[in-house]
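Chains, contacts and geometry: an overview
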Amino acid sequence: RDRSPSRGLGDVYKRQHRERVIYMAIKVGMVSLGCAKNQVDGEMLMANLKNAGFELCDDAALADVAIVNTCGFIDSAKQESIDEILELATLKKEGRIKKIVVTGCLAERYREEIHKELPEVDGVFGIGANADIAACIESAMNDFTESFPEKSKMPLCGERELSTPSYFAYIKIAEGCDNKCTYCAIPMIRGGYRSRTMESIEEEARGLVENGAKELILIAQDTTRYGIDLYGEYSLAKLMRRLCKIDGLKWLRVLYCYPDALTDELLETMAEEEKIVKYIDLPLQHASARVLKRMNRTGDRESLTALMKKIREKIPGVTLRTTLITGFPGETEEEFTELAEFVKDIEFERLGCFVYSQEEGTPAALMPDQIDDEVKNHRAEIIMESQMNIMDRLGEKQVGGDITVLTEGFDRYAECWFGRSAMDAPDIDGKVFFSAETKPYYGEMVTVHVDEAIDGDLFGTRV
């Protein structure tokens, strides 16, 4: 990870003695879990701490204060957060770190449980406390501290200490969500939908490109609703056209689009603007009308099939990515079969499948006919096995052709370079591995001749 070194000795934890303030340098490190949206929050937290004078440490295990920026979306994410806290607690017991503080979604959602069940934690701070993180940590150095201001006080933008490599960065264009899907706790955790202004987004984007970013990735809980609260209309297309005018930007990608707000204007913009990668991430979740209705989502297999056809007609060569949920309460074998057939018919270029997680406080958690974990997992395995077969066939079609690859690193075990094509978003999609007589630099865009496709990844040679 590319992070500029911190400067200065740190603000710090203060001790009063005869009206004199004694400053002691505090090293702060962060473990950021969950989605890219949470990662951006963590980057702003670290910049805030740096500006307050704390000394940043790349490895939380080597810091005085370890921050766990948690995810609390589904059971597996919550367990990962708890495991990380317990691992750091062991280091604290050994005297290797002094304090542990917890931020992010898990902190916002389970404030009382964290304090009660994890006594090793010295501070629990909700997302509304992000702007005051320096004061919160300073207080936690003396005694257990918690802070939970209103969610609306969470800053939507600000200076960031990037945790991504210099050649790409995420930009969060909105916070919160108004969709109220029955399985999702995000509105409860993050609050209502709040868009940033186009001016603030463009200013941030220009700064990132000036500092070396070639790819910018727009994210929000629902990107397609961007601007509806500020401008009275869906404004993602206008924002993307504006960002495409930035000199030096090579790729502009958007994630987390919702199908019911995917406008013709947005599709036309994606087709016309060369800098926008032909990649649409649509979390459809299911194809059965009855299941979607119980999820408080719109559509059915017929309408979603028509939408996928429309997208491919308007954007030739587009990469369609989706996420699905198996085992939603009441999902019958017939409805699951309908979903599986839908996946085979559409042949998504990229797809992820999750088992339904029964989340406290959501309407779906109280629904009857909750499905056994073994059944949920088996259904997810069937979907992913089908998808791997589809990706193998689609990958074979690329053999013999040339693609542009953003170089990300060198695999010393395979003794070759690797990177991503426009068809692949960071962390969630595949890689392109390639040999090269001329050594590329990280972030360089190179042309790769595809020789082979294996398990969703491509292998080739730099042209």
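Quick note: structure is the one above.
Residues numbered from 1 in each chain as written. Predicted model: local features only at pLDDT ≥ 70, side-chain atom pairs only at ≥ 80, totals over all residues. Heavy atoms only, no water.

Moving on: helix α9 (residues 236-243). Buried within α9 we find Leu236, Ala237, Leu239, Met240 and Leu243. The buried residues of α9 all sit within an arc of 160 degrees when viewed along its axis, so they share a single face. Check the buried side of α9 and you find it contacts α7 (198-210), β12 (215-219), β13 (251-254) and α10 (264-272). (Buried < 20%, exposed > 50% of the residue type's maximum accessible area, 1.4 Å probe, protein only. Helix = DSSP H or I, 4+ residues; strand = E, 2+ residues; numbered from the N terminus. Arc of directions from axis to C-beta. Contact = heavy atoms within 4.5 Å.)

This next bit is on the pattern of salt bridges. Evaluated as defined, the whole model comprises 44 salt bridges. With a closest N to O distance of 3.4 Å, Lys78 and Glu360 form a salt bridge. Of this pair, Lys78 sits in helix α2 (residues 75-93) while Glu360 sits in the loop between β16 (350-355) and α14 (373-398); the two residues are 282 residues apart in sequence, bridging distant segments of the chain. Using a relative accessible area of 8% as the deciding quantity, one classes Lys78 as buried. The exposure class assigned to Glu360 is partly exposed, which follows from its relative accessible area of 45%. The salt bridge partner of Arg301 is Glu341, with a shortest N-O separation of 3.2 Å. Taken together, the residues span a long stretch of sequence, with Arg301 in helix α12 (residues 301-314) and Glu341 in helix α13 (residues 333-346) at a distance of 40 residues. The network of salt bridges with common partners includes Asp75, Lys78, Arg109, Glu359 and Glu360. (Salt bridge = Lys/Arg side-chain N within 4 Å of Asp/Glu carboxyl O.)

This part is about a negative patch on the surface. Together, Asp392, Glu396, Asp451, Glu452 and Asp455 make up a region of like negative charge exposed at the surface. Going through the elements one at a time, α14 and β20 (445-454) are the ones with two or more residues in the negative patch. The topology assignment puts Asp451 in strand β20. (Patch = residues over 30% accessible without salt bridge, like charges linked within 9 Å, V, L, I, M, F, W, Y side chains within 5 Å. Areas by Shrake-Rupley, 256 points an atom, 1.4 Å probe, with all protein chains shown as cover. Lys, Arg positive; Asp, Glu negative; His and termini not counted. Charge placed at Lys NZ, Arg CZ, Asp CG, Glu CD.)

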